[in-house]
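Structural characterization, general
What follows is the residue order along each chain.
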Amino acid sequence: MEKVMKQKNTLRRLFIFLIAVIAAIVVIGIIRYTFGPALQEILLDSDAAFWPFTVQNIMWVSLFIGFGELFLRWSAASDEQSQLKRGYLPTEDQTLDMDMLGRIKDSIQSRRFGREAFLPRMITRTIDQYRMSGKEDQAISVLNSSLELYMHEIDLRYSILRYLTWLIPSLGFIGTVMGIMFALQYAGVPANAEADDFLYQVTSRLGVAFTTTLVALVMSAILVLLQSVVQSKEERALNEAGQYCLDNLILRLGRNQ
């Protein structure tokens, strides 16, 4: 079952990756054929001899891959929040004896998210520990340990996004260095130095070089903002799951003693 879920998640990630790349290409095409020459030069470096393989285009593709990752994380956070509505634990003021705990565990494992989402995994681990030890404090310890592990798991899920938020500004700086290099190469040719528009050609190349970093920083700022919003949603879902277990499971275990 877990292997099938991993395969589905991998296929879904590849599908979102493909959609993100296609969306980036569409946006690049829209900018190329609808925007003015000045904006094309700033956003795409459209006059480059090696277009469309420019640093700006790579930045756009990276940005949309980041959007795809954010969509996956937002979807996962929404799934985690929906777990609270599935009624894994009875909310009435009743005693949770060993038989009831066994039925709760069996019902969780028979459901779709029984081995994937945080809440059912947390409940199952806590029940297992309590049924083995019969001690409430050990069940609380397992719950706390699970919360810490799941928080670390959430953090690991954002490794690709953190890399992209580092990559895009780095690409911007690379584009700036390349632009300065091309401007100096142009200025170093004696024939170009004698041209009437020499100063214009050099400054225009330098202008594009520095706007590459500006565009990259704007893209990175947008991606970081959205990442913080989505990650807080996922962490809030985990905190709500922990509170749910505490109120409807942990606080009722001591009544059996």
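Quantities reported herein were computed from a predicted structural model and do not represent experimental measurements. (Residues numbered from 1 in each chain as written. Predicted model: local features only at pLDDT ≥ 70, side-chain atom pairs only at ≥ 80, totals over all residues. Heavy atoms only, no water.)

With that settled, consider the pattern of salt bridges. Overall, the coordinates contain 7 salt bridges when judged by the stated rule. Between lysine 105 and aspartate 128 there is a salt bridge; the shortest N-O distance is 2.6 Å. Here lysine 105 is found in helix α4 (residues 98-109), whereas its partner aspartate 128 is found in helix α5 (residues 118-133), with 23 residues between them in sequence. The class of lysine 105 is buried, set by a relative accessible area of 17%. Looking at aspartate 128, the relative accessible area reads 24%, which means it is partly exposed. The residue arginine 121 makes a salt bridge to glutamate 153 at a minimum N-O spacing of 3.2 Å. With arginine 121 in helix α5 and glutamate 153 in helix α6 (residues 136-157), the pair connects residues that are 32 residues apart, well separated along the chain. The exposure class assigned to arginine 121 is buried, which follows from its relative accessible area of 18%. Judged by relative accessible area, glutamate 153 falls into the partly exposed class, the value being 23%. Here the residues in one salt-bridge network are Arg73, Arg121, Glu153, Arg157 and Glu234, joined through shared partners. (Salt bridge = Lys/Arg side-chain N within 4 Å of Asp/Glu carboxyl O. Helix = DSSP H or I, 4+ residues; strand = E, 2+ residues; numbered from the N terminus. Buried < 20%, exposed > 50% of the residue type's maximum accessible area, 1.4 Å probe, protein only.)

This paragraph deals with the nonpolar core. Side chains that are nonpolar tend, in soluble globular proteins, to be buried together. Trp60, Ile104, Ile123 and Leu249 are the most contacted members of the largest nonpolar core, which has 49 residues in total. For this core, the secondary-structure elements that each account for two or more residues are α1 (2-34), α2 (37-44), α3 (55-82), α4, α5, α6, α7 (159-187) and α9 (198-253). The element that contributes the greatest number of residues to this core is α9, accounting for 12 residues. (Core = buried A, V, L, I, M, F, W, Y, C linked by side-chain atoms within 4.5 Å.)

It is worth spelling out the side chain of lysine 233 at this point. Following the sequence through the fold, lysine 233 ends up in helix α9. Other than its neighbours up to four places away in sequence, lysine 233 contacts Trp74, Ala77, Ser78 and Gln81. (Contact = heavy atoms within 4.5 Å.)

Moving on, we come to α4. Taking 1.5 Å of rise per residue, 12 residues should cover 16 Å, and α4 covers 17 Å from first to last C-alpha, within 8% of that figure. Those residues of α4 that sit buried are Met100, Leu101, Gly102, Ile104, Lys105 and Ile108. (Expected span 1.5 Å × (residues − 1).)

To continue, consider the environment of glutamate 148. You can see glutamate 148 is positioned in helix α6. Since its relative accessible area comes to 59%, glutamate 148 is described here as exposed. Residues glutamate 148 and glutamine 185, 37 residues apart in the sequence, show an inter-C-alpha distance of 55 Å.

What characterises a pair of aromatic rings is the spacing of the ring centres plus the angle enclosed by the ring planes. Summed over the entire model, instances satisfying the criterion amount to 3 aromatic pairs. Sitting over the face of the ring of tyrosine 158, arginine 73 holds its NZ or CZ atom 5.9 Å from the ring centroid. Taking the ring centre of tryptophan 74 as reference, the NZ or CZ of lysine 233 above it sits at 4.5 Å. (Phe/Tyr/Trp six-rings, centres within 6.5 Å; stacked < 30°, edge-to-face > 60°. Lys NZ or Arg CZ within 6 Å of the ring centre and 35° of its normal.)

What follows is about the environment of isoleucine 250. As for its placement among the helices and strands, isoleucine 250 is situated in helix α9. Spatially, the C-alpha atoms of isoleucine 250 and tyrosine 130 are 9.6 Å apart, while their sequence positions differ by 120 residues. With sequence-adjacent residues up to four places away left out, isoleucine 250 is seen in contact with Thr126, Glu136, Ala139, Ile140, Leu143 and Cys245.

On average, residues of the chain carry a pLDDT of 84, and 90% of them reach 70 or more. Summarising per-element confidence for the chain, the mean pLDDT is lowest in helix α8 (residues 190-193) (69) and highest in α3 (93). (pLDDT = per-residue confidence, 0-100.)

Axis separation between α3 and α7 bottoms out at 10 Å; the angle between their running directions is 170°. Classified by the interaxial angle, the pair formed by α3 and α7 is roughly antiparallel. Taking contact as the criterion, the partners of Val55, Ile58, Met59, Ser62, Leu63, Ile65, Gly66, Glu69, Leu70 and Arg73 in α3 are, on α7, Ile160, Leu161, Leu164, Leu167, Ile168, Leu171, Gly172, Gly175 and Met178. When the residues that make up the contact of α3 with α7 are grouped by side-chain class, the tally is 13 nonpolar, 4 polar and 2 charged. (Axes fitted to C-alpha atoms, helices over the stretch in contact; angles between N-to-C directions. Parallel < 35°, antiparallel > 145°, perpendicular 65-115°, else oblique. Nonpolar A, V, L, I, M, F, W, Y, C, P; charged D, E, K, R; others polar.)

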